Structures are given as structure tokens and as C-alpha cells.
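Coordinates in review
Here is what each chain is made of, one letter per residue.
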Amino acid sequence: MKQKIFRLFANLKFSIFILLLISFCSIIGTVIEQDQSIETYKLNYPLTNPLFGFLSWDRIIYLGFDHLYQTWWFLFLIFLFGERK
């Protein structure tokens with residue numbers, strides 16, 4: 001079991017996949033304003049006309065895109081990429 005986990009972390013394809021995920025999330029964090037009030041997100045990303053057809057203010061808040069670089073899952077991706085041996 002430990003051998004399989006080590007091989008996964010050492011796999012170049014896995015590292016590239018994690019790096020692409022981090023890049024995609026960073027693009028989202030660049031496009032969506034960070035650390036604004038909820039009213040700003042309600043005004044810019046309404047429920048009736050979502051960004052890209054699916055991204056409205058409630059999903060931005062739920063997924064943590066309003067403070068993306070501080071979310072546990074983004075920091076976990078950074079940690080996972082850094083732990084590659």
C-alpha cells in the first residue's frame with residue numbers, strides 16, 4: 001500500500017495533473033475578485049445570469065472562490081504538489 005502511494009506521488013503525470021489543477025484554480029482566483037463583500041458578488045454574479053452559465057454568487061461563496069488562495073483544498077493542492085519526491 002505504501003509503495004503504491006509513493007509511486008503515485010513520484011509519477012510525473014500525477015504532478016503535471018496537480019500543477020494544471022493549481023493553474024486552473026489560480027486563473028479562477030484571478031478572474032473573480034478576492035475578499036469582497038457578499039453584496040459585490042450578488043451584484044456581479046447574479047443567480048439569474050451566472051458567469052459561464054453555472055457560476056453564480058452562491059456557488060462562489062460555497063466553493064470558496066471569494067477567498068480562493070486561503071481555502072483548505074487549494075492549500076492542500078499546493079502541499080500535494082510540494083510533497084512530490
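Quick summary incoming for the structure in this document. These numbers come from a predicted model, not from an experiment. (Residues numbered from 1 in each chain as written. Predicted model: local features only at pLDDT ≥ 70, side-chain atom pairs only at ≥ 80, totals over all residues. Heavy atoms only, no water.)

Taken as a whole and assessed by the stated rule, the structure comprises three aromatic pairs. Summarising the aromatic geometry, the rings of Tyr41 and Tyr45 are spaced 6.3 Å apart at their centres and angled 25° between planes, so their arrangement reads as stacked. For Tyr41, a relative accessible area of 0% gives the class buried. The class for Tyr45 is buried, based on a relative accessible area of 6%. Each ring, one from Phe65 and one from Trp73, has its centre 6.1 Å from the other, and the planes form 70°; the classification is edge-to-face. (Phe/Tyr/Trp six-rings, centres within 6.5 Å; stacked < 30°, edge-to-face > 60°. Buried < 20%, exposed > 50% of the residue type's maximum accessible area, 1.4 Å probe, protein only.)

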